[in-house]
Amino acid sequence: MLKIAIQAKGRLNEECVSLLADAGIKASSGSRRLISQAKGFPMEILYLRDDDIPQAVAMGVADIGIVGQNEVAEKSLDVEEVMPLGFGACRISIAVPRDADYTGPGWLAGRRIATSYPVILRRWLDEQGVEAEIHEIAGSVEIAPAVGMADAIFDIVSSGGTLIQNGLREVEKVFPSEAVLISRPDLDEERRGELDTLCFRFKSILDSRGMKYVLMNIPESAVEAAVAILPAMKSPTLLPLTLEGWYSLHVVISEDHLWEKIRQLKEIGAEDILVLALENIIR
Ligand code: ATP
Ligand code: MG
């Protein structure tokens, strides 16, 4: 049986729980405990602080975990990144006071940088050949320049709103991150099999995200033009209607292209277009 560590509460918790639920793995309900037995899959779920997840997996307290790549890189422990999961996107960036005369990484030489990510920062500064003072702070890094504790910060950014609120300007995007599935490197064969099953389910869920199942009626004369407009996994499905000379065309389309494709399809004579949610794509 696999033990998975996920964040107990915070930005990653909800998406982790819903990804597991979509994969048919429901945490047994009841009061939030440190550990719970999953329903629908041989799995135990451990709820931890995100900082502790890489270590729990490296030590074998958990077999696998879901955590930000930022924490994986910062902890630099012996864990395998199995697959990115497409949520929790952010980056760790250097930011300086809005009106600082920042000219490039050399500007940081001899200056004080506040961060909760000293390992990733040290690595980047070394790559840049810059020597700076790293001040490790556990939280509220963004206020450090305003209170005179630092000249710059190295912190997580997603929309950039927090930086602006604190009079800061993002100047170097150093480390892009998203949530990843991690595993201890020494899984036995049985658990590796279970992990493969889990990855298969996650992949089919991620593949279907942002995709819609679209069906429409089209006259025979428009079939060729419709096929040219539509991308398809193999080729679109075409079913004859009982009405002579008409077909029902089924296809999976990315949400990004949906409305443009629908406009083109209407132009060539498609009617009664239905757009349906898609839960899984199993290849
Ligand atoms: P914990 O109590 O588990 O230690 P935390 O306060 O350290 O939680 P959260 O703020 O919940 O952590 O963030 C968890 C992860 O979410 C981050 O490590 C990062 O990978 C990701 N993330 C995505 N966007 C953001 C953001 N705007 N700010 C912070 N983290 C983000
Ligand atoms: Mg944390």
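That block above? That's the structure.
Anyway, here's the lowdown on the structure attached to this text. The model shown is predicted, which means the values in this text are computed figures rather than measured ones.

Definitions and cut-offs
- Residues numbered from 1 in each chain as written.
- Chains lettered and ligands numbered in written order.
- Predicted model: local features only at pLDDT ≥ 70, side-chain atom pairs only at ≥ 80, totals over all residues.
- Heavy atoms only, no water.
- Phe/Tyr/Trp six-rings, centres within 6.5 Å; stacked < 30°, edge-to-face > 60°.
- Buried < 20%, exposed > 50% of the residue type's maximum accessible area, 1.4 Å probe, protein only.
- Lys NZ or Arg CZ within 6 Å of the ring centre and 35° of its normal.
- Pairing = 2+ DSSP bridges.
- Helix = DSSP H or I, 4+ residues; strand = E, 2+ residues; numbered from the N terminus.
- Axes fitted to C-alpha atoms, helices over the stretch in contact; angles between N-to-C directions.
- Contact = heavy atoms within 4.5 Å.
- Core = buried A, V, L, I, M, F, W, Y, C linked by side-chain atoms within 4.5 Å.
- Salt bridge = Lys/Arg side-chain N within 4 Å of Asp/Glu carboxyl O.
- Near = heavy atom within 4 Å.
- Polar contact = N/O pair within 3.5 Å; in protein donor to acceptor, adjacent residues only side chain to side chain.
- Areas by Shrake-Rupley, 256 points an atom, 1.4 Å probe, with all protein chains shown as cover.

1. A few points about the packing of aromatic side chains
Inference 1: This model, assessed by the stated rule, comprises one aromatic pair.
Inference 2: Ring geometry for Tyr102 and Trp107: centres 5.6 Å apart, planes at 55 degrees, overall tilted.
Inference 3: Tyr102 sits in the buried class, given a relative accessible area of 14%.
Inference 4: When the ring centre of Trp107 is taken as reference, the NZ or CZ atom of Arg111 above it lies at 3.9 Å.

2. A closer look at the sheet that holds strand β13 (residues 211-219)
Inference 1: Within the open sheet, the four strands sit side by side as β14-β15-β13-β16. Their pairing is antiparallel. On the outer flanks of this sheet lie β14 (237-240) and β16 (271-277), each paired with one strand and no other. Across the sheet, the mean angle from the axis of one strand to that of its neighbour is 20 degrees, orientation sign disregarded.
Inference 2: The strands that helix α8 (residues 258-267) touches are β13, β15 (246-254) and β16; relative to β16, the one it contacts most, it runs at about 160 degrees.

3. Notes on the nonpolar core
The tendency in soluble globular proteins is for nonpolar side chains to be buried side by side.
Inference 1: With 27 residues, the main nonpolar core has Met43, Ile66, Leu181 and Phe202 as its most contacted residues.
Inference 2: Broken down by secondary-structure element, the contributors of at least two residues to this core are β1 (2-7), α1 (13-22), β4 (43-48), β5 (64-68), β12 (179-183) and α6 (189-208).
Inference 3: Residue contributions to this core peak at five residues, all from α6.
Inference 4: If sequence neighbours within four positions are ignored, Ile66 has contacts with Ile4, Ala5, Ile6, Gln7, Cys16, Ile53, Leu85, Phe87, Ala179, Val180, Leu181 and Phe202.
Inference 5: Residues Val96, Leu108, Tyr117 and Phe154 belong to the second largest nonpolar core, which totals 20 residues.

4. What about the pattern of salt bridges?
Inference 1: Under the definition given, this model contains 14 salt bridges.
Inference 2: Between Asp186 and Arg184 there is a salt bridge, with the nearest N and O atoms lying 2.9 Å from each other.
Inference 3: Arg184 gets classed as buried once you look at its relative accessible area, which sits at 16%.
Inference 4: Of the charged contacts in the structure, one is a salt bridge between Asp207 and Arg283, with a shortest N-O distance of 3.5 Å. In this pair, Asp207 sits in helix α6 while Arg283 sits in the segment after β16, placing the two residues 76 residues apart along the sequence.

5. Looking at the site of ligand 1
Inference 1: In the neighbourhood of ligand 1, 15 residues make up the surrounding shell, with Arg11, Asp50, Asp51, Asn70 and Ser158 lying closest.
Inference 2: In the model, an oxygen atom of ligand 1 is placed 2.7 Å from a nitrogen or oxygen of the Asp51 side chain.
Inference 3: Interatomic distance of 2.6 Å between a side-chain N/O atom of Ser158 and a nitrogen atom of ligand 1.
Inference 4: For ligand 1, the accessible surface in isolation is 630 Å², of which the surrounding protein chains cover 77%.

6. Some details on the side chain of Ser177
Inference 1: The topology assignment puts Ser177 in strand β11 (residues 168-177).
Inference 2: In this structure the side chain of Ser177 is engaged in a polar contact, spanning 3.2 Å, whose partner is the backbone nitrogen of Gln69.
Inference 3: For Ser177, the residues in contact, after removing those within four places along its chain, are Gly68, Gln69, Asn70, Gly88, Ala89, Cys90 and Arg91.

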